[in-house]
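The primary structure of each chain is shown beneath.
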Amino acid sequence: MSQQSQTAAETYKLLLKTDDWKAFSDHVKGLYGNVCQACRLHSAATNVHHHFYEPGKLPWEYGLGDVTVLCPNCHRQMHNHLQNFRRYVFPKLKPREFQILNGALLVGLENNGALELTHAIASMCASKSSVQRFAYDAKTFLKEEA
């Protein structure tokens, strides 16, 4: 870990000890009844998980739709999955490809439940012919766009 990211992590840990964070965190946990939104476990030890971070924004300055409640196990798993996504998927995507992926996921989530969309993506990705068909459509789209 670089010196700069280590300092940011230390600062963030200090922010999570403030009264402002405790009030925000307790409010969010109360809204969800201390129930993990991933596994549905009811626990007094839930964590508030930020879906994203914005530079310069304090941890308690996010909207209720920007956070969720997770048990410690699901919170750890979520961060592991995000880290793996950043490590293995991000480097393979160019900015335009990432933009298209984000747009497709947004449309998919507007029209389907998250679990259904996830299973559909997994099924499509497991089939080489499906991936090739959609890859052809994407290449055609990109050529038309250029």
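Look above for the structure.
Residues numbered from 1 in each chain as written. Predicted model: local features only at pLDDT ≥ 70, side-chain atom pairs only at ≥ 80, totals over all residues. Heavy atoms only, no water.

K.L.:
Please provide a residue-by-residue account of the pattern of salt bridges, values included.
P.N.:
Any two side chains of opposite charge can pair if their charged atoms end up close together. In the structure shown here, the tally under the stated rule is 2 salt bridges. Note that K22 and D26 form a salt bridge whose closest N and O atoms lie 3.0 Å from each other. Highlighted residues: K22 and D26, both in helix α2 (residues 19–31), separated by 4 residues, approximately one helical turn. Put simply, E54 and K57 hold a salt bridge, and the shortest N to O gap is 3.9 Å. With relative accessibility at 37%, the residue E54 sits in the partly exposed group. (Salt bridge = Lys/Arg side-chain N within 4 Å of Asp/Glu carboxyl O. Helix = DSSP H or I, 4+ residues; strand = E, 2+ residues; numbered from the N terminus. Buried < 20%, exposed > 50% of the residue type's maximum accessible area, 1.4 Å probe, protein only.)

K.L.:
Outline the nonpolar core, listing residues and values.
P.N.:
Of all hydrophobic cores here, the largest spans 8 residues; its members are W21, F24, V28, V48, W60, Y62, V67 and V69. Broken down by secondary-structure element, the contributors of at least two residues to this core are α2 and β2 (67–70). Broken down by element, the residue count for this core peaks at 3 residues, all from α2. With residues near it in sequence (within four places) discarded, Y62 still touches F24, H50, F52, Y53, E54, K57 and V67. (Core = buried A, V, L, I, M, F, W, Y, C linked by side-chain atoms within 4.5 Å. Contact = heavy atoms within 4.5 Å.)

K.L.:
An account of the packing of helix α4 (residues 95–111) against helix α5 (residues 114–126) is needed here, citing residue identities and associated values.
P.N.:
As a packed pair, α4 and α5 sit with axes 8 Å apart at the nearest point and diverge in direction by 130 degrees. Here α5 runs oblique to α4, going by the angle between their axes. Of the two elements, α4 crosses α5, and the hand of that crossing is right-handed. Between α4 and α5, the contacting residues are L105, G108 and L109 on the first element and A114, L117 and I121 on the second. Residue classes in the contact of α4 with α5 are distributed as 5 nonpolar, 1 polar and no charged. (Axes fitted to C-alpha atoms, helices over the stretch in contact; angles between N-to-C directions. Parallel < 35°, antiparallel > 145°, perpendicular 65-115°, else oblique. Left-handed = near helix turned anticlockwise from the far one by under 90°. Nonpolar A, V, L, I, M, F, W, Y, C, P; charged D, E, K, R; others polar.)

K.L.:
How would you sum up the layout of surface pockets? Please name residues and give values.
P.N.:
Taken as a whole, the second largest pocket encloses approximately 530 Å³ of empty space. Along the walls of the second largest pocket sit 23 residues, with Y12, L16, H50, Y53 and P59 positioned nearest its centre. Elements with a contribution of two residues or more to the lining of the second largest pocket: α1 (3–15), α2, β1 (47–50) and α3 (72–88). Across the lining of the second largest pocket, the residue classes break down as 10 nonpolar, 9 polar and 4 charged. (1 Å grid on protein atoms, 1.4 Å probe; cavity = no way out; pocket = protein on both sides within 12 Å on 5 of 7 lines; lining within 4 Å. Points joined across faces, edges and corners; volume = space filled by probe spheres on them.)

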